[in-house]
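The residues making up each chain are set out below.
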Amino acid sequence: ACPPLRRNLQLLAPDEVELAKMLLNEGQMHLFEHWPEPGVDDDKKRGFFDQVRRLNSSYPGGLVSYIQNAKKLLADSKAGKNPYDGFTPSVPSGEVLNFGDDNYVSLEAAGVKEARNAVFVLVAGGLGERLGYKGIKVALPRETTTGKCFLQHYIESILSLQEASCKMVDAGCHIKIPFVIMTSDDTNALTIKLLESNSYFGMEPSQVKILKQEKVACLADNDARLALDPNDKYKIQTKPHGHGDVHSLLYSSGLLEQWKSEGRKWVLFFQDTNGLLFNAIPSALGVSATKGYNVNSLAVPRKAKEAIGGITKLTHVDGRTMVINVEYNQLDPLLRATGHPDGDANCETGYSPYPGNINQLILELGPYIEELKKTHGAISEFVNPKYTDSTKTAFKSSTRLECMMQDYPKTLPPSAKVGFTVMDTWLAYAPVKNNPEDAAKVPKGNPYHSATSGEMAIYRANSLILRKAGAQIVDPVVDTFNGQEVEVWPRITWSPRWGLTFKDVKEKVRGNSSISQRSALVINGRNIFLEGLSLDGTLIVNAVDEAEVIVTGHVHNKGWTIQHVDYKDTSEKEEIRIRGFKFEKVEQLEVNYNEPGKHSLSA
Ligand code: UGB
């Protein structure tokens, strides 16, 4: 059927002949039409089949399924079919937590106890196109007072949970919490380098598993003809398939069964740049454990049109219901099509009635494995072609199928226990996604989701937590960096092993401590107690775990001042430019306690 291919058959191994037949059956003859006689470009032709083999094995059901799914989704898209046809949205009910109250504190305790049965999965294969940062996002500083990157913070948080959890149940417990990172070709090498050059930030290398997602083939037209790479006609053009790949990768890796045999119970998924996330993990895991949720999504109050999905109850005309994320670009049209003429709008609370999905999912391992045995991890997909005109016959550029990890519950039976947990945004959610220019254009009152707001949110959260624990923290000032107006709170940071839960913080803030607005405080150690500290300047306290340090008295120095930096100022490092400020370290008090025993810093 394809003479250029037939003439080259002798070059192909038997499995490659089968792949070629499959491609021809699926209408992909164009991939070979330009192939010259044998003897010309033979290595490239073999390379082509190496790629086809990879594309075939990394997609559930292989390339046949991919092409057939694409044909169907492209036809639906051309016909203007709404994926939510027949569904009516309504506001779901879930757990709403109030930070620091008795219920919250007891859920945190339940969550820490469960953590020894948990595994963590970070999806970090995205390039972060909206942020435009050149490196990998997990290498960005979470805040620049200590300069610790997101990945270090995540690992230290998991290690602290591991230790606290073990201690709660049995002094001899040595359970190690597994940590999986999903990378892609865009992030894999840099992620491994970051881990290796920092000794895995204190985690045992065997605890960390890297799973690399493969890209998927691009589609050139409505017939799902695969697109050739414009720069190499022996290569199929590929693009990322989305964070939903994490489920099929976990399934095919065999890790799920291994975890089950080790008695693990929970799989916690999270994203690359939310510096507040681990504030929310203990209580949310407590909710999963006490409510027996098979699926628990973390959510925050959502501003209408904010670029985070809305958690929605969908009821089908046939009676089916599900509680699921409706992505931010689909919520507005869905609401308008179902009798809400204002679409995605704020209600009297000033927020959308649909809680915002922050894509932190807690799945119960047993039911998760059972479901994946049926689906092999395939997740409902979508396609988003940009057509050249209203006839929808041609694309401006090639497209591909995509999938999202939060669509996992779509295939679950109605008996599955699917819930969600709403927390305060200030406590739980501050992603770094938008570049300075786009962030400055965000409508007033909506979150910027930028490097500027992401860092300032850490200081605000820590200040508010200390306040709730009884310290006096002065109100913030308002300042503008890279065109974004933000609250500037004292620059308070602590290592996860100091303040894993609110109870931990409360136990370590005693007497009448106060911190002025221009102050910076770094607490780096487990047993550091603020006892009647009055801070006006910069104080850094480092202590080994076995040291117990009482910090008291008045610390006053010139401290660290905040300098404005323009994001276009290329004399500054990109990590600094994108946040729009840096610290000038004028004066500080830094104390180190390297010996066990009781110490007192009495300034
Ligand atoms: N990611 C991958 O690992 N692989 C990929 O192929 C793509 C991404 P974005 P998005 O909570 O903040 C999501 O781009 O997809 C990783 C939810 O869909 O930051 O626009 C990537 O590295 C949305 O419902 O976000 O929006 C990153 O860690 C809402 O909840 C993660 O996937 C929103 O996040 C997310 O990728 C949010």
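Details of the structure are given in the entry above.
Cut-off values and rules
Residues numbered from 1 in each chain as written. Predicted model: local features only at pLDDT ≥ 70, side-chain atom pairs only at ≥ 80, totals over all residues. Heavy atoms only, no water. Pairing = 2+ DSSP bridges. Helix = DSSP H or I, 4+ residues; strand = E, 2+ residues; numbered from the N terminus. Axes fitted to C-alpha atoms, helices over the stretch in contact; angles between N-to-C directions. Core = buried A, V, L, I, M, F, W, Y, C linked by side-chain atoms within 4.5 Å. Buried < 20%, exposed > 50% of the residue type's maximum accessible area, 1.4 Å probe, protein only. Contact = heavy atoms within 4.5 Å. Salt bridge = Lys/Arg side-chain N within 4 Å of Asp/Glu carboxyl O. Expected span 1.5 Å × (residues − 1). Near = heavy atom within 4 Å. Polar contact = N/O pair within 3.5 Å; in protein donor to acceptor, adjacent residues only side chain to side chain. Areas by Shrake-Rupley, 256 points an atom, 1.4 Å probe, with all protein chains shown as cover. Nonpolar A, V, L, I, M, F, W, Y, C, P; charged D, E, K, R; others polar.

1. Section: the sheet that holds strand S26 (residues 538-543)
Read from one edge of the open sheet, four strands run S21-S24-S26-S30, paired in parallel fashion. Since the sheet does not close on itself, it has two edges, and those belong to strand S21 (491-494) and strand S30 (589-593), each with one partner. Strand after strand, the sheet turns through a mean of 5 degrees between neighbouring axes, direction not considered. Pairing analysis gives five bridges linking strand S24 (residues 520-524) to S26, with the strands arranged parallel. Residue pairing in the sheet places Ile523 in a bridge with Val541 of S26.

2. Looking at the nonpolar core
Counting residues in each nonpolar core, the largest one holds 98 residues, and the members touching the most others are Phe120, Leu151, Phe179 and Leu466. If near-sequence neighbours (up to four positions away) are discounted, Leu466 is found in contact with Ala471, Ile473, Ile492, Trp494, Trp498, Val505, Val509 and Ile515. Counting residues in each nonpolar core, the second largest holds 33 residues, with Leu11, Leu12, Tyr66 and Leu226 among its members.

3. Examining the pairing of strand S3 (residues 118-123)
In terms of burial, S3 is largely enclosed, as six of its six residues are buried. Neither face of S3 is left uncovered, since the one carrying Ala118, Phe120 and Leu122 and the one carrying Val119, Val121 and Val123 both have all their residues buried. Two strands pair when backbone bridges link them, and S3 and strand S10 (residues 266-270) are joined in this way by five bridges, in the parallel orientation. Counted as the bridge partner of Val121 is Phe269 from S10. Inspection of the sheet shows S3 paired to strand S4 (residues 179-184) by four bridges, in the parallel sense. Across the sheet, the residue bridging to Val123 is Met182, located in S4.

4. Side note on the pattern of salt bridges
This structure, assessed with the given rule, holds 37 salt bridges. Asp15 is the partner of Arg53 in a salt bridge, and the nearest nitrogen-oxygen pair spans 2.8 Å. Here the residue Arg53 occupies a position in helix H3 (residues 42-57), and Asp15 occupies one in helix H2 (residues 14-25), the gap between them amounting to 38 residues. You can call Arg53 partly exposed: its relative accessible area is 31%. Since its relative accessible area comes to 34%, Asp15 is described here as partly exposed.

5. Some points on helix H4 (residues 62-78)
Here H4 spans 24 Å end to end across 17 residues, near enough to the 24 Å set by a 1.5 Å rise per residue. Among the residues making up H4, those that are buried are Gly62, Leu63, Tyr66, Ile67, Ala70, Leu73, Leu74, Asp76 and Ser77. The inward-facing, buried residues of H4 abut H2, H3, strand S6 (216-217), strand S15 (381-383) and strand S16 (401-403).

6. Some details on the site of the ligand
In the neighbourhood of the ligand, 24 residues make up the surrounding shell, with Val123, Gln213, Glu327, Asn357 and Tyr429 lying closest. The contact in question runs from an oxygen atom of the ligand to an N or O atom on the backbone of Gly309, over 3.3 Å. Ile358 has a polar backbone atom sitting 3.4 Å from an oxygen atom of the ligand. For the ligand, whose unbound accessible area comes to 710 Å², protein coverage reaches 89%. The biggest single contributor to the shell around the ligand is strand S14 (residues 352-364), with three residues. Taken together, the residues that form the shell around the ligand break down as nine nonpolar, eleven polar and four charged.

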